[in-house]
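Fold and contact review
For reference, the chains in residue letters:
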Amino acid sequence: LSPDPRENEDELFAMWNGHSLLTEGVSRGWTLWPHAYSERGPEVGVITLEHYVYRPFHVVSPYFEHPPLLHLLVGAAGWLGGAEDHLEMKHTHGRLVPLAAAVLVVVLIVAVGRRLDRGSPAPYFAALLWAALPGIALQSRTIKEEVLVTPRALGMVLAFLQFRDHPERANDPGSPAARRWLVLAATLAGAALLAKVTGFALS
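This text gives an overview of the structure that appears in the document. (Residues numbered from 1 in each chain as written. Predicted model: local features only at pLDDT ≥ 70, side-chain atom pairs only at ≥ 80, totals over all residues. Heavy atoms only, no water.)

A few points about the nonpolar core
Judged by nonpolar contacts, the single largest core of 24 residues is most densely connected at Trp-16, Leu-70 and Val-74. If you list the elements that add at least two residues to this core, you get helix H1 (10–23), strand S3 (57–61), helix H3 (69–80), helix H5 (96–116) and helix H8 (146–164). Among the elements that make up this core, the one with the highest residue count is H1 (five residues). (Core = buried A, V, L, I, M, F, W, Y, C linked by side-chain atoms within 4.5 Å. Buried < 20%, exposed > 50% of the residue type's maximum accessible area, 1.4 Å probe, protein only. Helix = DSSP H or I, 4+ residues; strand = E, 2+ residues; numbered from the N terminus.)

Rendered as structure tokens:
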């Protein structure tokens, strides 16, 4: 359950938005400036939860802040965990998604490291650092969009290395089998935009 829910209210936005998108087809989030949305008229709904968790929350729908890929995955985890309403979403279910992504990152660190430095302990040491450093370990459990950008970046690098070292490229630089890895690398780079706008840096 670390970090504490009160340390990152963006987790609520991700969980609420994901569950609402999946079950109602509308986006939902919270804001500190409800009047800015109320002034937009009836097309934007604003509801105040007076005693939710530990402070009032102003819930806005529709609402957009980040691309929805992580939110959809987190919403699916909460829905499978039994949440019938966005307010029933539990951190213990939503955080399964970033935890799974963190495990994938460790595997990809080893895979990329072994391709770059065969026979060295460096890939395993790098994976150990990623998994054990407190700051990274705690952030890897947090429902934040970056947890999907990192595995995509490492997957992109691994796919490019597969393309670069493909045995068929020695005889045929334009080999379709090798080019498939390049297409995968480009796809992973572009897909980072579905997790967070700053993912454009990968492409």
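Remarks on H5
For H5, with 21 residues, the first-to-last C-alpha span of 30 Å sits near the 30 Å given by 1.5 Å per residue. Considering only its buried residues, H5 is in contact with H3, helix H4 (91–94), helix H6 (122–132) and H8. (Expected span 1.5 Å × (residues − 1). Contact = heavy atoms within 4.5 Å.)

Focus: the sheet that holds strand S2 (residues 45–49)
Through backbone hydrogen bonds, the strands of a sheet pair up, either in parallel or in antiparallel fashion. Spatial ordering of the open sheet is given by S1-S3-S2, a layout of three strands whose pairing is antiparallel. In this open sheet, the two edge strands, each paired with only one partner strand, are strand S1 (29–31) and S2. Going across the sheet, the axis of each strand differs from the next one's by a mean of 40°, ignoring polarity. When S1 meets S3, the two strands line up antiparallel, connected through three bridges. In the sheet register, Trp-30 faces S3, and the bridge partner there is Val-59. Relative to the sheet, H1 contacts S1, S2 and S3, its axis offset from that of S1 by approximately 145°. (Pairing = 2+ DSSP bridges. Axes fitted to C-alpha atoms, helices over the stretch in contact; angles between N-to-C directions.)

Here we look at the packing of H1 against H3
Where H1 contacts H3, the two axes come as close as 7 Å, and the packing angle between them is 80°. The angle between the axes of H1 and H3 places the two elements in the roughly perpendicular class. Between H1, through Phe-13, Ala-14, Met-15, Asn-17, Gly-18, His-19, Leu-21, Leu-22 and Thr-23, and H3, the contact on the second element is made entirely by His-71, Leu-72, Val-74, Gly-75, Ala-76 and Trp-79. Partitioning the contact of H1 with H3 into residue classes produces nine nonpolar, six polar and no charged. (Parallel < 35°, antiparallel > 145°, perpendicular 65-115°, else oblique. Nonpolar A, V, L, I, M, F, W, Y, C, P; charged D, E, K, R; others polar.)

Thoughts on the pairing of S3
Burial runs high along S3: four of the five residues are buried. Pairing geometry for S2 and S3, over five bridges, is antiparallel. From the neighbouring strand, Thr-48 faces S3, where its bridge partner is His-58.

A word on the pattern of salt bridges
Scanning the entire structure with this criterion turns up six salt bridges. Here Lys-144 ties to Asp-10 by a salt bridge, and the two come within 3.0 Å at their closest N and O atoms. With Lys-144 in the loop between helix H7 (134–139) and H8 and Asp-10 in helix H1, the pair connects residues that are 134 residues apart, well separated along the chain. Overall, the relative accessible area of 28% leaves Asp-10 in the partly exposed class. (Salt bridge = Lys/Arg side-chain N within 4 Å of Asp/Glu carboxyl O.)

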